[in-house]
Each structure stands twice: as C-alpha cells, then as structure tokens.
Amino acid sequence: MNIPIPIPLTDQYARQISYLRISVTDRCDFRCIYCMGEDIKFAPRKDILTLEELYQVATAFVKLGVRKIRITGGEPLVRKNIVWLLEKLGRLSMLEELVLTSNGSQLETLAAPIRTAGVNRLNISLDSLDPIRFKKMTRVGDLDKVLRGIHAAQQQDFNAIKINSVIMRNHNDDEILPLAQFAVDNGFDISYIEEMPMGAMGNHRRDISFYSSDEVRDTLTNRFSLLASEETTGGPSRYYHVQGTQTRIGFISPYSHNFCDSCNRVRLTAQGRLLLCLGQEHSVDLRQVLRGTEGVAGLFRHISQGMAIKPQGHEFSRNQPFAVQRHMNVTGG
Ligand code: SAM
Ligand code: SF4
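The numbers attached to residues start from 1 for each chain and follow its sequence in the written order. For naming, the first written chain is A and the first written ligand is 1, with later ones following in the order written. Selection of residues for local features in this predicted model requires a pLDDT of at least 70, selection of side-chain atom pairs for listing and counting requires 80 or more, and totals for whole chains, interfaces and linings are taken over all residues. Hydrogen atoms and water are omitted, and side-chain values are computed over all heavy atoms in the structure.

Draft legend 1. Representation of the site of ligand 1 in the model. Throughout, near means a residue has at least one heavy atom within 4 Å of the molecule or strand. Every one of the 19 residues lining ligand 1 counts as a neighbour, but Tyr34, Gly74, Glu75, Ser125 and Met196 are closest to it. The definition of a polar contact used here is a pair of N or O atoms within 3.5 Å, where within protein one atom must be able to donate a hydrogen and the other to accept one, and adjacent residues in sequence count solely through side-chain atom pairs. Contact between ligand 1 and Tyr34: a nitrogen atom at 3.0 Å from a main-chain N or O atom of the residue. Measuring from an oxygen atom of ligand 1, one finds a side-chain N or O atom of Ser125 at 2.6 Å. Surface burial for ligand 1 is 96%, taken as the share of its 540 Å² of free accessible area covered by protein chains. Secondary structure elements follow DSSP: runs of H or I no shorter than four residues count as helices, runs of E no shorter than two count as strands, and numbering proceeds from the N terminus. Those elements giving two or more residues to the shell around ligand 1 turn out to be β5 (97-102) and β7 (160-166). Under the grouping applied here, Gly and all other residues not named as nonpolar or charged are polar, the nonpolar ones being Ala, Val, Leu, Ile, Met, Phe, Trp, Tyr, Cys and Pro and the charged ones Asp, Glu, Lys and Arg. Per-class residue counts for the shell around ligand 1 are 6 nonpolar, 9 polar and 4 charged. Only the protein chains shown count as cover for residues, and all accessible areas are computed by the Shrake-Rupley method using a 1.4 Å probe.

This is how it looks when you write it as structure tokens:
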C-alpha cells in the first residue's frame, strides 16, 4: 500500500520543514580553529555525492515543499563546477531562496558567476579584521584576499550580504565593535555566533573560549542603539536593527537562547547523510537510497519518513567538550 507523503514535510512536533542546508563538500582551504583540527582527514571522493546526485536530492526536497536552500560546506566554492549546480538550482521555479555561505576566499572570481546563477543572498564568514589574527584563527587564511572577495560581492546586486562572526574569548572578543562597524560602513548585516560543540578539537578549550551572545550585545550597546526586530530570515538568528543604519545585527545563540522550538531545517552532508538536527546523530542515508535499487524515486519516501526521527532539539552542554563527533565542515553550518 502506498502511504501518502505529507507536503510540506512536517515532523512529530508539528514543525514544518521548509529549509535545507547542503554541505556540498567537507573540504576547505581554511582550517578555522573552532571548526576543524589542523590534521583533519576529509572523506574519500567516492563517498561524496556527485553534483548530479546533489541536484537530485535538492529537487526532491523542493517537490516536498522546501522553499529555501543554503549551499555550504566545508568551503562550497572550492567544489569543482559548483556554479553548474547553482545554475540548476537557480532555475527551480518553486525554490524561493537560494543562499550560500562562504569564507570569501574564492569570491574575487566567483561572486559574479554565483549571482548570475541565481544565488540571492550571501553569508561571508569574517572573524577578524587584523591580518595576523585572521591567519591565526583560520590557520592559513589571507585576510586581504577575503576582503577583495567581499568587495567583489559588493559589486553584485545580492539581495543582502551578511557577515558571520564567531566570537571567542581571548581570541577576537575585542573585535566585536570593529566588526559591527565594518558591517555598518558597508551596508551589510552581521550575525554573531556562539561557538558550538561540534567535533573534538584537540587542545582547544571551548569551555574557556565560549563567549555568550548577551555579552556581545552588551558590548555593542556601548556604541550602537539596537532596536529589537521581529524580522526573520528563516534561520536561527534573532535580529536587531542598528538605529540610523541599514544594518541588522543577528545573534545565533544555541546555548543562551535555544532556537529549536522554531526549527524549520534539515541538513544534507556531502556524503548524502540527511541530518535531522545540528546537534544530534539522527539521520537517513540518502546516498544508499540513491545508489541502491530504489534510486531517485526512493528519495521521497525516505526523506518523508526521516521527519519522524527529527529530535526535539540539540542538547549542547557547556560541560562537554563536544556534543557530536561531526565537525561543522561536515554538518554544513
Ligand atoms: N566555509 C564556509 C564559511 O566558513 O563560511 C561555510 C561553512 S562554515 C562550517 C559555516 C559557518 O559555520 C561559518 O560561519 C563558521 O564560522 C561557522 N562555524 C564553524 N564551526 C563552528 C563552531 N564550532 N561553532 C559555531 N560556528 C561555527
Ligand atoms: Fe572552512 Fe568554514 Fe570551517 Fe573555516 S568555518 S574551516 S572556512 S568550513
């Protein structure tokens, strides 16, 4: 008997799933200290979904009611031929938003093609405006190149550009105001992110570097008037308008302001694992479905059934060094 598939996708807590994040590669040209270890091992290429397979999964989700897709990674723009995938996704008429998160390293050449392909909004990660510190936090990154990438993105008519900054105590907590000022001066939005316990981190002590969103907000109010906003971009940020500017400041605060009640998203790893929650291991192996006897047709049933195991929320705890084994580059932040 064929069981009808509910559209839009709905989980057991009556949350509608309309947003898919796809990590198109776990590889990256940076090694950010909060994201991955220096000696990280990436997945073998044969295990990574092809661009065609990624497109097939994305299309199934759109047919099941997903209206927003974020392309992330790893660094999505180091995936070969990524523009081909973006162009295909950009042509999906039922998809309302195609957005992308990048470290900015490839934007100097790719900002124009990805905009033409149909990417509406861009998130660019930037944790420091000091080149030496930037290199220290990314282990290898070149700030100048990223700033040139940001400038190239500014020349395109993206609907919005948002800076993402992870604030860590004794690393970049003295840059909260300069980063906000950078966003204001350039007409960008900015989100401050609490460091999350994703994957083991060797000697890095997350309990010491943790810096709460409330502390960030207190610092910001020394220079800016923040007006609380009900606006949402469909993600986990809580927003404030910076009075007298175009800039919105967001806070992604998994510890201090848990965002699970309104969760509308699921994630696909580059290896085809559908993750139902950022901070839990509940998942469905869509690569096995795609490459097995069921093929593309099997995706609808397996995706739909997967909603039944979406957990109520993450259980991040400041007492544990990490909540799940996966690092953020695998999960797709
Ligand atoms: N490489 C791209 C980038 O850096 O923007 C996209 C992938 S990255 C995993 C996506 C976002 O996750 C970035 O804004 C990054 O700062 C954030 N991130 C990575 N590890 C994190 C962690 N442990 N806690 C909080 N945010 C993290
Ligand atoms: Fe790469 Fe982004 Fe992780 Fe930094 S945060 S290592 S840029 S995937």
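Draft legend 2. Representation of the site of ligand 2 within the structure. Around ligand 2, the surrounding shell consists of Cys28, Phe30, Arg31, Cys32, Cys35, Met36, Gly74 and Asn103. The class makeup of the residues in the shell around ligand 2 is 5 nonpolar, 2 polar and 1 charged.

Draft legend 3. Expanded view of the packing of helix α2 (residues 82-90) against helix α3 (residues 107-117). In this description, a line fitted to the C-alpha atoms serves as the axis of each element, helices being fitted only across the stretch in contact, and the angle between N-to-C directions of two axes falls anywhere from 0 to 180 degrees. It is the contact of α2 with α3, at a shortest axis distance of 8 Å, that shows an interaxial angle of 25°. Between α2 and α3, the angle falls in the class roughly parallel. Seen from α2, the contacting residues are Val83, Leu86, Glu87 and Gly90; seen from α3, they are Leu110, Pro113, Ile114 and Ala117. For classification, angles of less than 35 degrees are called roughly parallel, those exceeding 145 degrees roughly antiparallel, those between 65 and 115 degrees roughly perpendicular, and all remaining angles oblique. Contacts: residue pairs with any heavy atoms within 4.5 Å of one another.

Draft legend 4. Region of interest: the pairing of strand β10 (residues 238-242). Pairing between two strands is assigned when DSSP locates at least 2 bridges connecting them. With 4 bridges joining them, strand β9 (residues 226-229) and β10 adopt antiparallel strand pairing. Its bridge partner being in β10, Leu227 is matched across the sheet by His241. Linking β10 back to strand β11 (residues 248-252) in an antiparallel pair, the connection comprises 5 residues, with Gly244 at a positive phi of about 80°.

Draft legend 5. Region of the structure containing unusual backbone geometry. The backbone phi angle of Ala14 is positive, close to 65°, even though this residue is not glycine. Mapped onto the elements, Ala14 comes out in the loop between β1 (9-10) and β2 (16-17). Burial classes: relative accessible area under 20% of the type maximum marks a residue as buried, over 50% as exposed, and values in between as partly exposed (1.4 Å probe, protein chains only). Take Ala14: its relative accessible area is 62%, and that puts it in the exposed class.

Draft legend 6. Structural view of helix α5 (residues 143-154). The span expected for a helix works out to 1.5 Å for each residue beyond the first. Along its 12 residues, α5 runs 16 Å from first to last C-alpha, staying within 8% of the 16 Å computed at 1.5 Å per residue. Taken together, the buried positions of α5 are Leu143, Val146, Gly149, Ile150, Ala152 and Ala153. Packing partners of the buried residues in α5 comprise α3, β6 (121-125), α4 (131-138), β7 and α6 (176-186). One side-chain oxygen at the N-terminal end of α5 lies 3.1 Å from the backbone nitrogen of Asp144; it belongs to Asp142.

Draft legend 7. Just the sheet that holds β6, in detail. Here 12 strands make up an open sheet; going across it, the order is β9-β10-β11-β8-β7-β6-β5-β4-β3-β12-β13-β14 and the pairing mixed. At either end of the open sheet lies a strand with only one pairing partner, and these are β9 and β14 (283-285). Strand after strand, the sheet turns through a mean of 25° between neighbouring axes, direction not considered. Sheet topology places strand β3 (residues 19-23) next to strand β12 (residues 265-268); 4 bridges connect them, and they run parallel. Residue pairing for β12: Arg21 is matched across the bridge by Arg267. Where helix α8 (residues 213-220) meets the sheet, its contacts fall on β8 (189-193), β9, β10 and β11, and the angle it forms with β11 comes to roughly 155°.

Draft legend 8. Representation of α6 in the model. Along α6, the positions that sit buried rather than exposed are Ile176, Leu177, Leu179, Ala180, Phe182, Ala183 and Val184. Check the buried side of α6 and you find it contacts α5, β7, β8, α8, β10 and β11.

Draft legend 9. Summary view of the environment of Thr232. Tracing the backbone through its elements, the reader meets Thr232 in the loop between β9 and β10. Judged by its relative accessible area of 54%, Thr232 is exposed. It is 21 Å that separates the C-alpha atoms of Thr232 and Thr221, two residues lying 11 residues apart in sequence.

Draft legend 10. Quick peek at the packing of aromatic side chains. Two rings from Phe, Tyr or Trp (for Trp, the six-membered ring) form a pair when their centres sit within 6.5 Å of each other. Planes less than 30 degrees apart are called stacked, planes more than 60 degrees apart edge-to-face, and all others tilted. Here the structure, examined in full by the defined rule, presents 4 aromatic pairs. Ring geometry for Tyr240 and Phe251: centres 5.6 Å apart, planes at 80°, overall edge-to-face. Of this pair, Tyr240 sits in strand β10 while Phe251 sits in strand β11, and the two are 11 residues apart along the sequence. For the pair Tyr240 and Phe251, a shared accessibility class is recorded, and that class is buried. Chaining the aromatic ring pairs together yields one cluster made of Tyr192, Tyr240 and Phe251. The ring of Tyr19 carries the charged tip of Lys68 above its face, separated from the ring centre by 4.3 Å. A positively charged side chain is recorded as over a ring if its NZ (Lys) or CZ (Arg) lies within 6 Å of the ring centre. The angle to the ring normal must also be within 35 degrees. Here the basic side chain of Arg248 rests over the ring of Tyr239, its NZ or CZ set 4.8 Å away from the ring centre.

By themselves, these are just geometric observations and shouldn't be taken as functional.
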